[in-house]
Amino acid sequence: FLTFTDSANEIKIKYPSGWTKNKDLKGIIITFDSPKENASDKVQENLNVIKDELPAQTTLDQYIDLSTNQAKQSIEDFKLTNSSKITLAGNPARKLTFTGKSNKHNLKWLQIVAEKNNKIYALTYTAEASKYSKFLGNIQKMIDSFEITQ
């Protein structure tokens, strides 16, 4: 595993050495893409990290409800399969799993959303539903290594 540090966004995370980093996506701090499995691999499993402001007078649960409603609008056949309270880097968080379709692909997501000092940190794993478990071990190591450095 290698370490990615972004001092400006106050995060640090470890990622598998064969995965590629992409910092050029609007609204996303970093995306880590799994290697293509073969030439016909249409969906590269990935983990992305975002940071957002928690609006005034908004709780973490309210923020998650809003983002879940947005996902329902943008993901075809959206289905929330799990929602539980956890901690991420020692901070209150929610773990969500959901399924749906995007660009005709059956996908499954794991999202961890945490709040610290009125900032939201979200880690989202996206995978083809049939390959979700294959990459989950590496994804869990990445999530476990995540630090908020502020």
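Residues numbered from 1 in each chain as written. Predicted model: local features only at pLDDT ≥ 70, side-chain atom pairs only at ≥ 80, totals over all residues. Heavy atoms only, no water.

**Overview of the sheet that holds strand 2 (residues 11–15)**
Step number 1: Ordered by their spatial adjacency, three strands build an open sheet running 1-2-10, and the pairing between neighbours is antiparallel. Two strands close off the open sheet at either side, each with one partner strand: strand 1 (2–6) and strand 10 (147–148).
Step number 2: Examined bridge by bridge, strand 1 and strand 2 share five bridges and lie antiparallel to one another. In the sheet register, Leu2 faces strand 2, and the bridge partner there is Tyr15. (Pairing = 2+ DSSP bridges. Helix = DSSP H or I, 4+ residues; strand = E, 2+ residues; numbered from the N terminus.)

**Observations concerning unusual backbone geometry**
Step number 1: Not every positive phi belongs to a glycine, and Asn103 is a case in point at roughly 50 degrees.
Step number 2: Within the secondary structure layout, Asn103 lies in the loop between strand 7 (91–102) and strand 8 (105–116).
Step number 3: Judged by relative accessible area, Asn103 falls into the exposed class, the value being 68%.
Step number 4: Within the chain, Asn117 stands out as a residue other than glycine whose phi angle is a positive 50 degrees. (Buried < 20%, exposed > 50% of the residue type's maximum accessible area, 1.4 Å probe, protein only.)

**Some remarks on the packing of aromatic side chains**
Step number 1: This model, assessed by the stated rule, comprises seven aromatic pairs.
Step number 2: Taking 5.2 Å as the distance between ring centres and 20 degrees as the angle between the ring planes, the aromatic pair formed by Phe98 and Trp109 counts as stacked. Here the residue Phe98 occupies a position in strand 7, and Trp109 occupies one in strand 8, the gap between them amounting to 11 residues. Summarising the burial analysis for this pair, Phe98 and Trp109 share the class buried.
Step number 3: What links up through ring pairs into an aromatic cluster is the set Phe4, Tyr15 and Phe32.
Step number 4: Above the face of the Tyr132 ring, Lys108 is positioned so that its terminal group lies 4.3 Å from the ring centre. (Phe/Tyr/Trp six-rings, centres within 6.5 Å; stacked < 30°, edge-to-face > 60°. Lys NZ or Arg CZ within 6 Å of the ring centre and 35° of its normal.)

**Here we look at the pairing of strand 4 (residues 30–33)**
Step number 1: By the alternation rule, side chains of strand 4 split into Ile30 and Phe32 and Thr31 and Asp33, which are all buried.
Step number 2: The pairing of strand 3 (residues 20–22) with strand 4 spans three bridges and is classified as antiparallel. Considered in strand 4, the bridge of Thr20 is made with Asp33.
Step number 3: Of the strand pairs in this sheet, strand 4 and strand 5 (residues 46–53) are connected by four bridges, and their pairing is antiparallel. Residue pairing in the sheet places Phe32 in a bridge with Leu47 of strand 5.

**What to know about the side chain of Thr31**
Step number 1: Among the structural elements, Thr31 can be located in strand 4.
Step number 2: When its relative accessible area of 4% is taken as the criterion, Thr31 is described as buried.

**Here's the deal with the side chain of Asp6**
Step number 1: Note on placement: Asp6 falls in strand 1.
Step number 2: One buried charged residue, Asp6, forms no salt bridge at all, with the nearest opposite charge on Lys23 at 4.2 Å.
Step number 3: Reaching out from Asp6, the side chain makes a polar contact with the backbone nitrogen of Ala8 at a distance of 3.2 Å.
Step number 4: Here Asn9 takes part through its backbone nitrogen, which lies 3.0 Å from a polar atom of the side chain of Asp6.
Step number 5: If we skip the residues at most four places from it in the chain, Asp6 touches Ile11, Lys23 and Ile29. (Lys, Arg positive; Asp, Glu negative; His and termini not counted. Salt bridge = Lys/Arg side-chain N within 4 Å of Asp/Glu carboxyl O. Polar contact = N/O pair within 3.5 Å; in protein donor to acceptor, adjacent residues only side chain to side chain. Contact = heavy atoms within 4.5 Å.)

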